[in-house]
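Here is how the chains run, residue by residue.
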Amino acid sequence: MAKLNKKGVSILLVILVIASLISLTMFSCTVQMAQNDTYVDMSEAHLLQLETPSDEDPAMIVHTSVGDITAVLYPEAAPNYVAQFTELAEKGYYDGTYVYETQDGAYFRAGSPNEDGSLDDQLDESRQKVETELTADLWSFRGAFCALVTETENNFFKMLFGNNASYCGTRFLVCNSIVFDEETKEQMQETDESAAAVTDAFLSWGGVPDCSQQMTIFAQAYGKESFEVIDAISNSTLSEESICIEKIEITNWGKTNKDTFVPENSV
């Protein structure tokens with residue numbers, strides 16, 4: 001077997017180092033992807049959902065066939081999505097749309113013109129690429145409205161430089177709550193102290209922690225009736241009866257019933 005000269009050894013070492021760096025980078029990217037490429041700096045987080053809305057805050061009343069859900073909108077945190085959602089709601093796009101999926105009382109998906117959740121016209125297609133807007137100020141607590149992801153742009157270089165993008169569209173998810181068993185509580189309480197306010201809110205209000213920092217959160221429901229309706233829809237069986245969004249009324253908080261009741265999570 002031929003021996004490598006010094007130059008050959010040097011080249012081989014460089015190749016091995018580069019290969020190691022690429023492997024490490026790919027591993028780092030894999031970890032980053034597994035964590036949804038999201039770094040959340042909680043040091044300056046301002047949890048908007050814990051605040052009482054002011055009369056001037058934009059709001060909506062979602063009139064469903066089960067009852068009404070009243071929610072505050074967050075245009076400062078999710079300007080692009082709230083702008084699209086408000087425009088479509090005022091044009092009547094959501095009138096007569098369907099709740100098309102429920103998940104064991106944890107959440108429901110809605111806003112589709114068809115009972116199976118599908119989209120069927122050019123308007124739908126043109127509205128499905130609003131870039132996801134994530135913030136440490138909004139979380140998937142019980143009553144949060146989340147815009148569903150429609151597309152994710154991922155490739156090696158986007159993962160490498162941390163600029164992969166995701167997009168959302170017209171359909172949305174409304175959080176009810178998972179069951180917070182003792183194991184889940186312990187896992188959440190082991191998180192960094194800077195996230196204590198978020199953990200406390202999840203354990204007090206309820207919510208769906210797995211949805212955190214995954215989707216644009218653009219509104220938060222308040223009020224006893226709102227949570228009763230969210231609970232009823234999330235626990236319903238759609239095969240037995242259809243549930244419709246009859247109309248979404250855009251207004252401001254001062255013109256709603258102004259009930260800021262937030263339920264305690266029952267385990």
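Now for a quick tour of the structure. Computed from a predicted structure; not experimentally measured.

What counts and what doesn't
Residues numbered from 1 in each chain as written. Predicted model: local features only at pLDDT ≥ 70, side-chain atom pairs only at ≥ 80, totals over all residues. Heavy atoms only, no water. Helix = DSSP H or I, 4+ residues; strand = E, 2+ residues; numbered from the N terminus. Polar contact = N/O pair within 3.5 Å; in protein donor to acceptor, adjacent residues only side chain to side chain. Contact = heavy atoms within 4.5 Å. Buried < 20%, exposed > 50% of the residue type's maximum accessible area, 1.4 Å probe, protein only.

Topic: the side chain of Asn176
- Inspection of the secondary structure assignment puts Asn176 in the loop between strand S7 (165-175) and helix H5 (182-189).
- Among the polar contacts listed, one links the side chain of Asn176 to the side chain of Asp231, at a separation of 3.2 Å.
- Asn176 has contacts with Gly105, Ala106, Tyr107, Arg142, Gly206, Gly207, Val208, Ile230, Asp231, Ser234 and Asn235, leaving out every residue within four places of it along the chain.

Things to note about unusual backbone geometry
- A positive phi angle, close to 45°, is found at Asp104, a residue other than glycine.
- Residue placement: Asp104 occurs in the loop between strand S3 (97-103) and strand S4 (107-112).
- Of the residues examined, Asp104 reaches a relative accessible area of 73% and is grouped as exposed.
- Located in the positive-phi region is Lys258, a residue other than glycine, with phi close to 55°.
- Relative to the assigned elements, Lys258 resides in the segment after strand S9 (243-252).
- Here Lys258 falls in the partly exposed class, since its relative accessible area comes to 41%.

Purely geometric stuff here, so don't read any function into it on its own.
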